[in-house]
Amino acid sequence: MNFQELKALDHQYTMQTYGRFDVALDHGQGATLYGLDGETYIDFASGIGVASLGYGHPAWIKAVDEQVHKLGHASNLFYTEPYAKLAEKLCTRTGMSAAFFANGGGEANEGTIKLARKYSFDKYGKGRSTIITLNNSFHGRTITTLQATGQDVFHQYFFPFTEGFRYADANSLDSVKAQTGDDTCAVMLELIQGEGGVLPLDKEFIKELAAYCAENDYLLLVDEVQTGVGRTGSLFCFQQYDILPDVVTFAKGIAGGLPMAGVLCNEKCRTVLGPGTHATTFGGNPIAAAAANVVLDVLDDNMMDEINQKGAYLRDAISAFQSPYVDIVRGMGLMVGVVLKDGVDRSALVKKLYDQNLLVLTAGSKTIRLLPPLVINQAEMDAGLAIMKDVLTK
Ligand SMILES: *Cc1c(COP(=O)(O)O)cnc(C)c1O
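It should be emphasised that the depicted structure is a prediction, and the values quoted were computed from it without experimental measurement.

**So, the pattern of salt bridges**
One side chain can pair with another of opposite charge once the charged atoms of both are near each other.
Working step 1: Under the defined criterion, the tally for this structure stands at 15 salt bridges.
Working step 2: Where Glu66 meets Lys62, a salt bridge forms, and the shortest distance between an N and an O atom there is 3.2 Å. Pair noted here: Glu66 and Lys62 are both in helix α3 (residues 58-70), with a separation of four residues, about one helical turn.
Working step 3: With a relative accessible area of 42%, Glu66 lands in the partly exposed category.
Working step 4: A salt bridge links Arg270 to Glu267; the shortest N-O distance between them is 3.4 Å.
Working step 5: With relative accessibility at 42%, the residue Arg270 sits in the partly exposed group.
Working step 6: When salt bridges that share partners are traced, they join Lys123, Asp217, Asp246 and Lys268 into one network.

**Topic: the site of the ligand**
Working step 1: The immediate surroundings of the ligand are formed by Gly104, Gly105, Gly106, Asn109, Phe138, His139, Gly140, Glu190, Asp223, Val225, Gln226 and Lys252.
Working step 2: Here an oxygen atom of the ligand sits 2.7 Å away from a polar atom, N or O, in the main chain of Gly105.
Working step 3: One of the backbone nitrogen or oxygen atoms of Gly106 is found 2.7 Å away from an oxygen atom of the ligand.
Working step 4: Burial of the ligand by the surrounding chains reaches 78%, relative to a free accessible area of 380 Å².
Working step 5: Among the elements that make up the shell around the ligand, the one with the highest residue count is helix α5 (residues 105-124) (three residues).
Working step 6: In terms of residue class, the shell around the ligand is built from two nonpolar, seven polar and three charged.

**Details of the sheet that holds strand β6 (residues 165-168)**
Working step 1: Sheet architecture is open: seven strands sit in the order β4-β12-β11-β10-β7-β5-β6, paired in mixed fashion. Strands at the two margins of the open sheet, each flanked by one partner only, are β4 (98-102) and β6. When the angles between neighbouring strand axes are averaged without regard to direction, this sheet yields 20°.
Working step 2: For β4 and strand β12 (residues 261-265), the ladder comprises five bridges, and the chain directions are antiparallel. Across the sheet, residue Ala98 finds its bridge partner in β12, namely Cys265.
Working step 3: Packing against the sheet, helix α4 (residues 81-94) makes contact with β4, β11 (247-250) and β12, and its axis sits at approximately 130° to β4.
Working step 4: In the packing of helix α8 (residues 203-216) onto the sheet, the strands contacted are β5 (130-134), β7 (184-189) and β10 (219-223), and the crossing angle to β7 comes to about 160°.

**So, the domain arrangement of the protein chain**
Working step 1: By the assigned domains, the protein chain splits into domain 1 (3-52 + 301-392) and domain 2 (59-298).
Working step 2: Here the C-alpha centroids of domain 1 and domain 2 sit 26 Å apart.
Working step 3: Together, the buried faces of domain 1 and domain 2 total about 2000 Å²; carbon and sulfur atoms form 61% of this surface.
Working step 4: Among the residues domain 1 hides against domain 2, the three largest losses belong to Met304, Met332 and Met335. Together they make up 34% of the total.
Working step 5: Note that Glu195 is salt-bridged to Arg369, the shortest N-O span being 3.0 Å.
Working step 6: Between domain 1 and domain 2 we count nine residue pairs in polar contact (both at pLDDT 80 or more) in total.
Working step 7: The class makeup of the residues in the side of domain 1 that touches domain 2 is 14 nonpolar, nine polar and two charged.

**Examining the state of the cysteines**
Working step 1: Overall, the coordinates contain zero disulfides when judged by the stated rule.
Working step 2: A disulfide-free cysteine, Cys237 has its sulfur positioned 17 Å from the sulfur of Cys213, the nearest such atom.
Working step 3: By relative accessible area, which is 0% here, Cys237 ends up buried.
Working step 4: In this structure Cys269 is a free cysteine whose sulfur lies 5.5 Å from that of Cys265, the closest cysteine sulfur available.

**Section: a negative patch on the surface**
Working step 1: Together, Asp300, Asp301, Asp305 and Glu306 line one region of the surface with negative charge.
Working step 2: Residue placement: Glu306 occurs in helix α10 (residues 301-319).

**Structural notes on the layout of surface pockets**
Working step 1: Looking at the second largest pocket, its volume works out to about 840 Å³.
Working step 2: If you trace the second largest pocket, you find 31 residues lining it, with Tyr83, Ala99, Phe100, Leu273 and His278 closest to the centre.
Working step 3: For the lining of the second largest pocket, the elements supplying multiple residues, two or more each, are α4, β4, α5 and β12.
Working step 4: Tallying contributions element by element places β4 first for the lining of the second largest pocket, with four residues.

**Observations concerning unusual backbone geometry**
Working step 1: A cis amide bond, omega -5°, links Phe159 with the succeeding residue Pro160.
Working step 2: With respect to the helices, strands and loops of the structure, Pro160 is situated in the loop between α6 (143-148) and β6.
Working step 3: Notably, Asn171 is not glycine yet its phi reads approximately 65°, a positive angle.
Working step 4: By the secondary structure assignment, Asn171 is in the loop between β6 and α7 (173-179).
Working step 5: Given a relative accessible area of 31%, Asn171 falls into the partly exposed group.

Basis of the calculations
Residues numbered from 1 in each chain as written. Predicted model: local features only at pLDDT ≥ 70, side-chain atom pairs only at ≥ 80, totals over all residues. Heavy atoms only, no water. Salt bridge = Lys/Arg side-chain N within 4 Å of Asp/Glu carboxyl O. Helix = DSSP H or I, 4+ residues; strand = E, 2+ residues; numbered from the N terminus. Buried < 20%, exposed > 50% of the residue type's maximum accessible area, 1.4 Å probe, protein only. Near = heavy atom within 4 Å. Polar contact = N/O pair within 3.5 Å; in protein donor to acceptor, adjacent residues only side chain to side chain. Areas by Shrake-Rupley, 256 points an atom, 1.4 Å probe, with all protein chains shown as cover. Nonpolar A, V, L, I, M, F, W, Y, C, P; charged D, E, K, R; others polar. Pairing = 2+ DSSP bridges. Axes fitted to C-alpha atoms, helices over the stretch in contact; angles between N-to-C directions. Contact = heavy atoms within 4.5 Å. Domains from an automatic or database assignment. Buried area = accessible area lost by both parts, 1.4 Å probe. Disulfide = S-S within 2.5 Å. Patch = residues over 30% accessible without salt bridge, like charges linked within 9 Å, V, L, I, M, F, W, Y side chains within 5 Å. Lys, Arg positive; Asp, Glu negative; His and termini not counted. Charge placed at Lys NZ, Arg CZ, Asp CG, Glu CD. 1 Å grid on protein atoms, 1.4 Å probe; cavity = no way out; pocket = protein on both sides within 12 Å on 5 of 7 lines; lining within 4 Å. Points joined across faces, edges and corners; volume = space filled by probe spheres on them.

Right, here's the structure in full:
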């Protein structure tokens, strides 16, 4: 099958919910991908921040292969070793107390929202169920997480949405204070607003917000679906903000490409979702868990240093382009936002990058977002940067 045949087949038989790029991927190695018709691509996208170990990582393949042969599924009615070991690794390396595994980011955030509401219900009774989220946030595509998302464009078509969300401005404690009240149980946020444009929140704001939440017994829920699992140069981004959230969610990069997500909570919250209150059929699947164990083993302290160095290298190189289009370059670790000047035709630039076989993402209304595999090497970075330089300086 060639690309045009595949595209025609896809269009005939799948719901066209995605505005796809004209790229069909066949196989990959490291941060290099190969298309159906033999093209070679440099990957600055990792899917959408998912292929944390790139493609064809030997330890990941070995662990997945072994687990496929041993046991492909167990359900959560039974104990499995990869599941418990993964929870142990996540807790001991973050200071969190207990894990719940799910399959995707939106689903993990749903679990967190349930946890926050039940925590408050158990302690204070009904009526304290509102969660404050931030304007320009993104928390998922389920009916509830769409409403949790602080962007009006997501609050369309699918009425009625779940009640109990109000929105405050990022980096303004006064704005958060103005939205909280007797009906509030939690504040939920991303530390770097990913889909919103790769916007890191102020450290001072987060520290003050964490203290304010603790004083009022509002749970602090941190959505690390995109920022977690080494992406920003620490295992979780909150570790660079000097806070310990009540609940953290993760997904995208956790299992290096297999579907997995989860919720980590602190000691105060560990018993909130007791037997019968929350569940999933697939969550914590042993193959995904075996893959995630490898991802965490690869992401040691040395690897965090490398991620920070590589992220700084990319940001510095792009900042030095003297591009007529680029306003600023921001981000942490290998989560990079190239913010374009007002009025620049982003889709034209992105098309030119794709025409030269560089895979990138966008975010917000004027940002080109880079989420390369965390294992990307120097040659791959330089190849991608050369294409970016060509496109962004002409
Ligand atoms: C991607 C993302 C989600 C949604 O994750 P899915 O796996 O697509 O459900 C939620 N929150 C953040 C911050 C994300 O980046």
